[in-house]
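The residues making up each chain are set out below.
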Amino acid sequence: MTDHAPASPISDDLAAAFQIDGWPVRGRLVRLGDAIDTILAAHAYPEPVAALLGEACALAALIGSSLKFDGRLLVQAQGDGPVRYVVADYGTDGTLRGYCRYDEAEVAEASKGFARPGAQTLLGKGVFVMTLDRGPDFERTQGITPIEGESLSLCAEHYFQQSEQVPTKVRLAVGQVQTEAGAQWRAGGAMIQLIAGDAARGSTEEVWDRTRALFGTLADDELVDPMISPETLLFRLFHEDGVRLEGAKTLTAVCRCSKDRIAGMLASFDPAERADMVEDDGKIHVTCEYCAKVYELTPDDVVTQQI
C-alpha cells in the first residue's frame, strides 16, 4: 500500500474538511505557507510570539472555514502575561490576518529555560475568545472561556467542551523551513470532533477513543512540512479506514486596512486630539497593527472624511 492519496488541486495555503468512511467523526485540516509567512514577516516578532500568532491564525482558519455564512471569525486571547493580546481574523472568503501586542523584555524573560514558551506562559491569566461577525445587519456573537493549558490547542478544546459540549481534539504547529529565498514561516492545524450517538448510530465512544489515539500520533513536523501533501498526511493517519479531503478552500493573507478606513478612525477623535497627532511634516502617521503598512494623512484628509 503506497503512502499517498489522490491529490487535491490545492496543496498549500488551504483549509478543508475530511471524512473518515463510516466514522461518526468530522475533521478539518489547515496548511499555511505563503499566507502565514506574509502575516508573521510583517513584524519583527520574537520567535515565541510569532509562533503564538501562527497558531492563532491556523486555529481561526480551522474553525472559520466550517462556517456556513458570509462573515468573519475572530480568535483572540488576552491576559496579564508578556503577550497582552493575540488576535487572528478569518474571513469566510478565505482571507486571513492577525497581530500580537507584547512586551519584548517580558517575552525574553519568560523565554529563559524554554525551547518555546507556551500560550499560558506568554499570556498569563486571561481569557480565550471567539467572535462571530455576520455583518452589519446582525449582532456579533461571542464565546469566552478562561485560558487553560500551555497551548491554544488546549484552549480551543476547552472552549468547545464548555461552550458547545462537543468533544474536540486540536493540533496546531508553527515552524520555519529553509527555502532558496531564506527561512519561511509555515503553520498547520488539524481538528476532529465527535458526532453524538443516536438510536441509529448507537454509542460512538469506542470509535472516538480510536480516532483520538490515531490523531495523537500526528507530529508537528508533519503539519508544517511542505513536502507532505494534505492527502498524504491524512492517509498516514487513517488509511486503514478510508479518508478523503473535501471542499478545499484557498487561504490568503489580506489586510482590510485602507486610507479611507484610517481617515474614518481619525475622524472619531476630538479635533484637539487630532491636532496633537500632527508631526513636524504636517501629517498624521498611522501604522496598521495587522500588516504594518504606514499611512500618512493630512488634517484635510480627515476633514474630507467627515463631510
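Here is a short report on the structure shown in this document.

Conventions adopted
Residues numbered from 1 in each chain as written. Predicted model: local features only at pLDDT ≥ 70, side-chain atom pairs only at ≥ 80, totals over all residues. Heavy atoms only, no water. Axes fitted to C-alpha atoms, helices over the stretch in contact; angles between N-to-C directions. Helix = DSSP H or I, 4+ residues; strand = E, 2+ residues; numbered from the N terminus. Parallel < 35°, antiparallel > 145°, perpendicular 65-115°, else oblique. Left-handed = near helix turned anticlockwise from the far one by under 90°. Contact = heavy atoms within 4.5 Å. Pairing = 2+ DSSP bridges.

**Comments concerning the packing of helix α1 (residues 34-41) against helix α2 (residues 47-64)**
- At a minimum axis separation of 10 Å, α1 and α2 run at an interaxial angle of 135°. Classed by the angle they form, the pair α1 and α2 counts as oblique. Crossing of α1 against α2: the hand is right-handed. Contacts between α1 and α2 involve Ile36, Ile39 and Leu40 on the former and, on the latter, Ala50, Leu53, Gly54 and Cys57.

**Some remarks on the sheet that holds strand β10 (residues 243-250)**
- Spatially, the five strands line up as an open sheet ordered β8-β9-β2-β1-β10, and their pairing is antiparallel. Only two strands of the sheet have a single neighbouring strand rather than two, namely β8 (168-179) and β10. Looking at each pair of strands side by side, their axes are set apart by 15° on average, direction ignored.
- Along the sheet, α2 makes contact with β1 (14-20), β2 (25-32), β8 and β9 (182-194), crossing β8 at roughly 130°.
- Strands in contact with helix α6 (residues 205-215) are β1, β2, β8 and β9; relative to β9, the strand with the most contacts, it is inclined by about 170°.

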